[in-house]
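Residue-level structural notes
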Amino acid sequence: MNNMVKRYELAVKGAGPAGLLAAREAANKGKSVIVFEEHREIGVPEKCGGLVSLSGLIKMKVLPIQKIINQRINFGQILFPEGERFEFDLTGSNLIVLNREELDKRLALEAVKAGSEIKIGARLEDYKELDNKVILKTPYEEYESDLLIDSSGVAGYSNKRGLLPATQFIYAIKEGYYDGIAVFIDKELLPDFFGWYIPLGDGLIKVGSVGSPNLALKFIERNLKTMNVSGYPIKTISSSLVVGGINEMTTKRTIKVGDAGGQTKPTTGGGIISGGMGGMLAGAETIKGSFADYSKNYDKLFGSELKRQLTLSKIYKKMATKELLGIVSEIHKISNKLGEEEFDFHSRMIRRLSLNPVVLKALVQYIPEFFKDII
């Protein structure tokens, strides 16, 4: 046996929020932890929208210091192709826009202070699970670990049919800066998804949609015009959204979390909180010496909600713009407020709104066989 091979109790592949939170939790429980990050700077490249709830951030035990917050969100609107728009009061949801680069660096600091080692520019090329260990290989070194948490992001997600190519733009706004969020619905151009607008503060916004840069730019420019917002893109970000649901890839010694594990909201592709909590749980469960109970425990935490949201995304795909317009209009009449935690747990909003017979009838007619999963 090569005496130079280093052995750890936990190895983490990928230094995004899920991986760093896993490392922090495991190290806090006294485990020896090493984190492998293929890029040479944590938090870069940044491909996330960054919109999260303050309550979710607090659940991840992250202090909401000003350095990691770009903007607080108090209201938002949903826009349709013919100019119809509905504004919603979001003060009860306590939404914030994160500076993802600063968040990741903050979580790296917390993981290191807890006792984790981090290796940047270290691509984990391969790993092999044996009965009593996991063998890990980078281009230049070999390691051993009792357990491995794979938080390698979109690249680690095996259900390629559950990925949607997407493009985001950072815009410098000339006129009409809107400091709420917006959702653009246009089933003609985007039949399976929607476009989004997220303010970053200081006259900058992040806007995007699924599809190629050319399609996304066409879609965004048309909708910004509807909002009476004008400006110019100064950065293009191409990536993929994980919307295919949880990827059950848990063995005795290895597990996938975050985007790699499909721990994202199928309705939006967002996964900072759902994936971050998944990473925290995985890190905490290292104390057991295996991940045998992980899937059951994550279901209680967030997994069941993500399965319900997968149902909601199927409903959305089946609906035409006219039907969506009718439902949003009816919802707006009932309440123009989003309740606490409903941004993270969409099915709670559906339960509340389904008490209205118009909304209930509209939803049931699309996927009646799945509706019981939501209610």
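Each chain carries its own residue numbering, running from 1 in the direction its sequence is written. The model is predicted, so local features are restricted to residues of pLDDT at least 70 and side-chain atom pairs to those at 80 or more, both for listing and for counting; the totals for chains, interfaces and linings are taken over all residues. With hydrogens and water excluded, all non-hydrogen atoms of the structure serve as input to the side-chain values.

1. Focus on the overall build of the protein
By the criteria applied, helices consist of DSSP H or I runs no shorter than four residues and strands consist of E runs no shorter than two, each listed in order from the N terminus. Check the secondary structure of the protein and you find 10 helices and 17 strands. What the globule rule says is 2.2 Å times the number of residues to the power 0.38, and the radius of gyration is computed from C-alpha atoms. Against the compact-globule benchmark of 21 Å for 375 residues, the protein has a radius of gyration of 21 Å, which places it among compact chains. Dimensions of the protein along its principal axes, counting C-alpha atoms only, are 70 × 45 × 35 Å. Restricting the contact set of the protein to residue pairs at least 6 apart, pairs at least 24 apart contribute 74%. Areas reported as accessible are Shrake-Rupley estimates using a 1.4 Å probe. Residue values count occlusion only from the protein chains shown. Approximately 16900 Å² of the protein is accessible, and the part contributed by carbon and sulfur atoms is 52%. Residue contacts are defined here by distance: any two heavy atoms, one from each residue, within 4.5 Å place the two residues in contact.

2. A short note on the packing of helix H6 (residues 294-318) against helix H8 (residues 346-353)
Simply put, an axis is a line fit to the C-alpha atoms, just over the touching stretch for a helix, and the angle between two N-to-C directions goes from 0 to 180 degrees. Where H6 contacts H8, the two axes come as close as 8 Å, and the packing angle between them is 65 degrees. Of H8, the residues touching H6 (which contributes Glu-305, Arg-308, Gln-309 and Leu-312) are His-346, Ser-347, Ile-350 and Arg-351. Just so you know the grouping, Ala, Val, Leu, Ile, Met, Phe, Trp, Tyr, Cys and Pro go in nonpolar, Asp, Glu, Lys and Arg go in charged, and all remaining residues, Gly too, go in polar. Looking at the contact of H6 with H8, its residues break down into two nonpolar, three polar and three charged.

3. Some thoughts on the sheet that holds strand E4 (residues 69-73)
If you trace the three strands from one edge of the open sheet to the other, you get E3-E7-E4, paired in antiparallel fashion. Edge positions in the sheet fall to strand E3 (51-53) and E4, since each of these pairs with one other strand and no more. Ignoring which end each strand starts from, the neighbouring axes of this sheet average 30 degrees apart. Two strands are counted as paired when DSSP detects at least two bridges linking them. Examined bridge by bridge, E3 and strand E7 (residues 95-98) share three bridges and lie antiparallel to one another.

4. Observations regarding the side chain of Asp-104
Tracing the backbone through its elements, the reader meets Asp-104 in helix H3 (residues 100-114). Exposed residues in this analysis have more than 50% of their type's maximum accessible area, buried residues have under 20%, and partly exposed residues fall in between, with area computed by a 1.4 Å probe over protein chains only. The exposure class of Asp-104 is buried, given its relative accessible area of 4%. In contact with Asp-104, other than residues within four places in its own chain, are Ala-15, Gly-16, Pro-17, Leu-20, Ile-42 and Gly-43.

5. Topic: the environment of Lys-317
Tracing the backbone through its elements, the reader meets Lys-317 in helix H6. Remark: the alpha-carbon pair of Lys-317 and Lys-187, spanning 130 residues in sequence, is separated by 8.8 Å. Leave out the neighbours within four places in its chain, and Lys-317 touches Lys-187, Pro-191 and Asp-192.

6. Some words on the sheet that holds strand E14 (residues 195-201)
Here we have seven strands laid out as an open sheet, ordered E6-E5-E13-E14-E15-E12-E16, and mixed in their pairing. This sheet does not close on itself; its edge strands, each paired only once, are strand E6 (85-89) and strand E16 (230-242). Recorded for the sheet is a direction-independent mean angle of 20 degrees between the axes of neighbouring strands. Lying on the sheet, helix H4 (residues 213-226) is in contact with strand E5 (75-79), E6, strand E12 (163-175), strand E13 (181-184), E14, strand E15 (204-210) and E16; it crosses E12 at an angle near 45 degrees. Against the sheet, helix H7 (residues 321-334) touches E5 and E6, its axis set at about 40 degrees to E6.

7. Description of unusual backbone geometry
Here the bond from Val-44 into Pro-45 is cis, since omega is 0 degrees, no more than 30 degrees from zero. Relative to the elements of secondary structure, Pro-45 occurs in the loop between strand E2 (33-37) and E3. With phi around 50 degrees, Asn-94 is a residue other than glycine that occupies positive phi space. As for its position among the elements, Asn-94 is in the loop between E6 and E7. The phi dihedral of Asn-228 is positive, around 60 degrees, even though this residue is not glycine. Relative to the helices and strands, Asn-228 resides in the loop between H4 and E16. What makes Asn-228 exposed here is its relative accessible area of 64%.

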